[in-house]
Amino acid sequence: MDLVIKAARAVTATGEVPATIGVDEGRIVAVEPAGAALDGERVLEFGEDVVVLPGLVDTHVHVNDPGRTEWEGFASATRAAAAGGVTTIVDMPLNSLPPTVDVAALEVKRKTAEGRVHVDVGFWGGAIPGNLADLRGLHEAGVFGFKSFLLHSGVDEFPPLDARGLEEAMTELRTFDGMIIVHAEDSDAIEHAPDPHGEKYEDFLHSRPRGAENVAIAQVIELARKTGVRAHILHLSSSDALPMVESARRDGVRLTAETCPHYLSFTAEEIGDGATQFKCCPPIREAGNRELLWQGLADGVIDCVVTDHSPCTPELKRFDSGDFGLAWGGIAGLQLGLPAVWTQARQRGFALTDVVRWMAEHPAAQAGMRRKGHLAPGYDADFSVFAPDEAFVVDVAKLKHRNPVSAYHGRPLAGVVRSTWLRGEEITGDDPAGVLLTRGDC
């Protein structure tokens, strides 16, 4: 074999156990108990202080490249991913120029990314008014599914779908078993909510009420029920919606849901005036809501935890005025998702096996990746070496993200990624080793 990993602790299909893992030509070919006699050209040995985890799969990343590369970019985003134990990302179709709403735009994005990625990268397509005829072509070109908004996306070149447009898109996707992933906030509810302008976080929170999220999720559920399409709720922040999701799935609706590390880490009560680094949409809600999201994960109602990494330049966060209404809404967290979630999870009695399920196994399955998310024979040899009991304080100057802006700055976190490996080779950040993925080839 090319590589043998002898791990005192590894998260495999049987839980967190000692394991000997054999790798050949970038794939895992054997997972045996500790002490198994596997021979390899290289042998890595890891002690009790670290755990070998499957490479994380982050299916919600805004790389913003091409077009807004001053916000991020493929090179910086994938370096940050690797530094955080993430070996596969799926890039969102908006905030890049052009947005990924037809095959020509997808090819532009692929050419931009080619030779510049340090982890494996896939792409979502977009469903917007006027591109219904482009959806099948994008699907055949290999996108993993189609993102849509039910309200203004924040950028004019990616407009939202109304109820009729959403149903038409779902009906078309059902003809080839495509998947729709939805930013579920209701535009009418938000239009009639209070003005978001000003320094008070409470005012911003009232401008994006739970009701707007709940109504939109209900709409997605009923249209998914009607059309039979596979549907996924993005960045769920309102715990009120969890019973609806659970009920719909009991009824056979093909529905999955994700939440994000920032909704599981922060609370509205702790966000100070003018702290626009915490602005995101939907917003970070109250402490009680956070605990119910954790319960949703425990109950299996929420499937995945992904970062919704949505960075921007410091100027767009409007630290000069601290005005939540004017600041860009998005949290940069790609490098920090694993320690952020582990910090909170361990306090609530969860294990690393739970974190791996939420951040590797389920995101890979939701996107249809057959060789990602597990340390098991036949899977890509993507893994990270994680020290769960080591702590650090986040310093934005030391992150690999392009811009030094993060809601996590100054926050103590548990868990340090010692190294990350892609198809059996360590990611150093020097030579781009990732590949561009298409649906069905991973």
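Residues numbered from 1 in each chain as written. Predicted model: local features only at pLDDT ≥ 70, side-chain atom pairs only at ≥ 80, totals over all residues. Heavy atoms only, no water.

### A word on empty space enclosed by the protein
Going through the model one piece at a time under the given rule, you end up with two cavities of 30 Å³ or more. The space that makes up the largest cavity amounts to roughly 60 Å³. The wall of the largest cavity is formed by Leu-56, Val-57, Asp-58, Val-86, Val-305, Val-306, Thr-307, Leu-334, Gly-337, Leu-338 and Met-359. Counting residues per element, the lining of the largest cavity draws most heavily on strand 6 (residues 56-61), at three residues. Looking at the lining of the largest cavity residue by residue, the classes come out as eight nonpolar, two polar and one charged. Roughly 40 Å³ of volume is contained in the second largest cavity. Forming the boundary of the second largest cavity are Gln-277, Ser-310, Pro-311, Cys-312, Lys-317, Gly-330, Ile-331, Ala-332, Val-405, Ser-406 and Ala-407. (1 Å grid on protein atoms, 1.4 Å probe; cavity = no way out; pocket = protein on both sides within 12 Å on 5 of 7 lines; lining within 4 Å. Points joined across faces, edges and corners; volume = space filled by probe spheres on them. Helix = DSSP H or I, 4+ residues; strand = E, 2+ residues; numbered from the N terminus. Nonpolar A, V, L, I, M, F, W, Y, C, P; charged D, E, K, R; others polar.)

### Some details on the nonpolar core
Ranked by size, the top nonpolar core spans 98 residues in total, and within it Ile-89, Ile-180, Leu-236, Ile-284 and Trp-358 carry the most contacts. Setting aside chain neighbours within four positions, we find Ile-180 in contact with Phe-146, Ser-148, Leu-166, Ala-169, Met-170, Leu-173, Val-229, Arg-230, Ala-231 and His-232. Core analysis: the next-biggest nonpolar cluster, separate from the first, contains 25 residues, Val-57, Phe-149, Leu-151 and Val-155 among them. (Core = buried A, V, L, I, M, F, W, Y, C linked by side-chain atoms within 4.5 Å. Buried < 20%, exposed > 50% of the residue type's maximum accessible area, 1.4 Å probe, protein only. Contact = heavy atoms within 4.5 Å.)

### Observations concerning the environment of Pro-93
When you line up the elements, Pro-93 lands in the loop between strand 7 (86-91) and helix 2 (103-113). Exposure remark for Pro-93: the relative accessible area of 0% places this residue in the buried category. Here the alpha-carbon distance between Pro-93 and Asn-64, two residues 29 residues apart in the chain, equals 8.6 Å. If near-sequence neighbours (up to four positions away) are discounted, Pro-93 is found in contact with Pro-99, Thr-100, Lys-109, Trp-124, Gly-125, Gly-126, Lys-147 and Phe-158.

### Considerations on the layout of surface pockets
For the largest pocket, the calculated volume is near 630 Å³. Forming the boundary of the largest pocket are 33 residues, of which His-152, Ser-153, Gly-154, Arg-208 and Cys-281 lie nearest the centre. Where the lining of the largest pocket is concerned, the elements lending two or more residues are strand 10 (146-149), helix 5 (187-191) and helix 6 (201-207). In terms of residue count, helix 5 provides more of the lining of the largest pocket than any other element does, three residues in total. Across the lining of the largest pocket, the residue classes tally to 13 nonpolar, 15 polar and five charged. What the second largest pocket holds in volume is close to 460 Å³. Along its surface, the second largest pocket is lined by 25 residues, and Ala-83, Gly-84, Gln-335, Lys-400 and Val-417 are the ones closest to its centre.

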